[in-house]
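A look at the structure
So the chains spell out like this:
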Amino acid sequence: MTATAESKTAIKLNEKALANLDPKRVKIFKYDRSKVTAGIAHIGVGNFHRAHQARYIDDCLAIPGNESWGIVGISLGDRPSSKAKAKAMKDQDCLYTLTEYDAKGKPSTRIIGSIIQYLHAPEDPEATMTMLVDPAIRIVSMTITEGGYHLDSEGNFQSDAETVQADLKDPEHPKDTFGYIVEALARRRKAGTEPFTVFSCDNQRGNGDVAKQAVLSFARLRDPELAEWIEKNVSFPNSMVDRIAPTVTEEEAEAVRKLTGIDDQSPVIAENFSQWVIKDEFCNGRPPFEKVGAEFTQNVAPYEHMKGRMLNASHTAIALPGVVAGYEYVHEALGDPEIHRLVYDFMTKDVIPVTKGPDGISLTDYRDMVLSRFSNPALKDQLVRIAGDSANKLPTFLLPTINEHTEDEDTSSRDLRRMAFILACFRRYLRGIDDKGHKFTPIEPHISKEERAEWGSENTEGFLNCRILESLGLADNEAFVKAFNHAVSLLKPQGVLGALRHL
């Protein structure tokens, strides 16, 4: 890709360059980074972590007395993209730009310095393990996505997973997240070192409980006594995380260069909204998150319930029809009156009546805020990113609402059209061709090619009996089958937008 004049003259980001940056164009942290030491090891340093948790820690480090809470980033991936990110982080002394856009698209950029070291585990696994065993590390956090926990739809640990089996055969040389965590805890136990808190920051309900289930399941397979020690001594706090941090294209990276005059190999962009609700359950200390905007509560579940049922499900309700209709970005799809009406009515008529949010929070106000955030044109959040891994997202975010409407024997009076339509769009999405005839590749890493072909076929009954839907018994629900077949019959000749006009 040809470099522009702006990118040629931009300042390459690293520690030495900080003194040369224009404070009118970019905000630079005020703390002395040379005094920051690592207290957190984070596995899975993606855009979301760098826009969310690392930003909160960056603010914590500016509070005197918190210099021991820097982050060591850990990558377990061995793909070319993982290697490229590791190189970029090291070249830039782990610094990066975070550009935040308000609802009107106005940007502001800051340098994040909270990640002070970056380890690419496949390149140096023992250095990674040494870091996890270091007594200074008091929290091991993670953003590894829902599928990385090796739990099936019933919450059972998938002990036959290839990486799990490899780590059980050679526990001292792990490859997987839970192999590393359990081996590090085993070494700390043997050395008499205090354990660390295992802190999931992934976007799923009960993420701490899920992390505990995965860690203990793996540990029991390896050593029941070790598992018992972990269960007694290690904490797994639940948390609810929320911020939109889309994939950064070269076009957006160039916009950041023009805005800041900085050549950042790994920039991050995000909306200016951010939320973090945490259960205060840390076994070995924590940063003062409450002083930098996080909220502590003894019950995270109502926040997770509201966000999952409304925000995450609605994101999917935009993305699946949007991709099939031929749109590229979330704000474009939501700007279509038909898709906007679908999502607004889905939240208002289907979700809100069966959802209880946190005390004192209006669900209609939350709905309006969600739609406003999704409409931010500056983010250019790609629909294929949001639609990706729907096979994992649908059971978590949409199917519980469908279950609320179909669990009674008599569902003849329920309006199931919108929920059935979203599932029908998922079926169409799996075919990888939109209403304009353009091909795309569905990103579904947790279903096989055979399942994708079968679920996307003309066999609608087979689709309603597929692995992710079978527990709901939708194929035996006359009202839902009728609504689903009606959606399918509209989609085939008219496409998404035409179907929605008649829905």
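Quick note: structure is the one above.
Summary of the structure given here. (Residues numbered from 1 in each chain as written. Predicted model: local features only at pLDDT ≥ 70, side-chain atom pairs only at ≥ 80, totals over all residues. Heavy atoms only, no water.)

1. Notes on the sheet that holds strand 12 (residues 275-278)
The sheet built from three strands is open, its strands ordered 9-12-13 with mixed pairing. Two strands lie at the open edges of the sheet, namely strand 9 (239-242) and strand 13 (295-296), each paired on one side alone. Bridge analysis of strand 12 against strand 13 gives two bridges, and the strand direction is parallel. Within the sheet, the bridge partner assigned to Ile-278 lies in strand 13 and is Phe-296. (Pairing = 2+ DSSP bridges. Helix = DSSP H or I, 4+ residues; strand = E, 2+ residues; numbered from the N terminus.)

2. Things to note about helix 13 (residues 337-351)
Taking 1.5 Å of rise per residue, 15 residues should cover 21 Å, and helix 13 covers 20 Å from first to last C-alpha, within 8% of that figure. For helix 13, the principal kink sits at Asp-345 and spans about 25°. Listed as buried for helix 13 are Glu-338, Ile-339, Leu-342, Val-343, Asp-345, Phe-346, Met-347, Asp-350 and Val-351. Buried residues in helix 13 make contact with helix 11 (301-325), helix 12 (330-335), helix 14 (363-374), helix 16 (390-406), helix 17 (417-429) and helix 20 (478-502). The N-capping residue of helix 13, defined by a side-chain oxygen 2.9 Å from the backbone nitrogen of Glu-338, is Asp-336. (Expected span 1.5 Å × (residues − 1). Bend = angle between axes of the 7 residues up to and from the residue. Buried < 20%, exposed > 50% of the residue type's maximum accessible area, 1.4 Å probe, protein only. Contact = heavy atoms within 4.5 Å. Polar contact = N/O pair within 3.5 Å; in protein donor to acceptor, adjacent residues only side chain to side chain.)

3. Section: the packing of helix 7 (residues 177-191) against helix 9 (residues 224-233)
Closest axis-to-axis distance for the helix 7/helix 9 pair is 11 Å, and the angle between their directions is 85°. On the basis of their axis angle, the class for helix 7 and helix 9 is roughly perpendicular. Between helix 7 and helix 9, the residues in contact are Val-182, Leu-185, Ala-186 and Arg-189 and Glu-225, Leu-226, Trp-229 and Ile-230, respectively. A per-class count over the contact of helix 7 with helix 9 returns six nonpolar, no polar and two charged. (Axes fitted to C-alpha atoms, helices over the stretch in contact; angles between N-to-C directions. Parallel < 35°, antiparallel > 145°, perpendicular 65-115°, else oblique. Nonpolar A, V, L, I, M, F, W, Y, C, P; charged D, E, K, R; others polar.)

4. Notes on the state of the cysteines
Covalently bonding the sulfur atom of one cysteine to the sulfur atom of another cysteine gives a disulfide. Enumeration according to the criterion identifies zero disulfides in this entry. Distance from the sulfur of Cys-283, which forms no disulfide, to the nearest cysteine sulfur (Cys-201) is 15 Å. Sulfur of Cys-425: no disulfide; nearest cysteine sulfur belongs to Cys-466 and is 15 Å away. (Disulfide = S-S within 2.5 Å.)

5. A few points about the packing of helix 13 against helix 20
For the pair helix 13 and helix 20, interaxial distance at closest approach is 9 Å and the crossing angle is 60°. Here helix 13 is positioned oblique relative to helix 20, judged by the angle of their axes. As for the relative orientation of helix 13 and helix 20, their crossing is left-handed in sense. Across the interface between the two elements, Glu-338, Ile-339, Arg-341 and Leu-342 of helix 13 pack against Leu-497, Leu-500 and Arg-501 of helix 20. (Left-handed = near helix turned anticlockwise from the far one by under 90°.)

6. Section: the sheet that holds strand 11 (residues 268-271)
The three strands are arranged 5-4-11 in an open sheet whose pairing can be described as mixed. On the outer flanks of this sheet lie strand 5 (107-112) and strand 11, each paired with one strand and no other. Mean inter-strand twist for the sheet, computed between neighbouring axes without regard to direction, equals 25°. Relative to strand 11, strand 4 (residues 96-101) is paired through four bridges, and the arrangement is parallel. Note on strand 11: the bridge partner recorded for Glu-100 is Ala-270. Each of strand 4 and strand 5 touches helix 3 (residues 53-61); the most contacted strand, strand 5, lies at about 70° to it.

7. Things to note about the nonpolar core
The biggest cluster of nonpolar side chains holds 75 residues, and the ones touching the most others in it are Phe-421, Leu-423 and Phe-426. No other element matches helix 11, which puts eleven residues into this core. If we skip the residues at most four places from it in the chain, Leu-423 touches Leu-394, Leu-398, Leu-399, Ile-402, Phe-463, Leu-469, Leu-474, Phe-480 and Phe-484. (Core = buried A, V, L, I, M, F, W, Y, C linked by side-chain atoms within 4.5 Å.)

In short, shape yes, function no, at least from these values alone.
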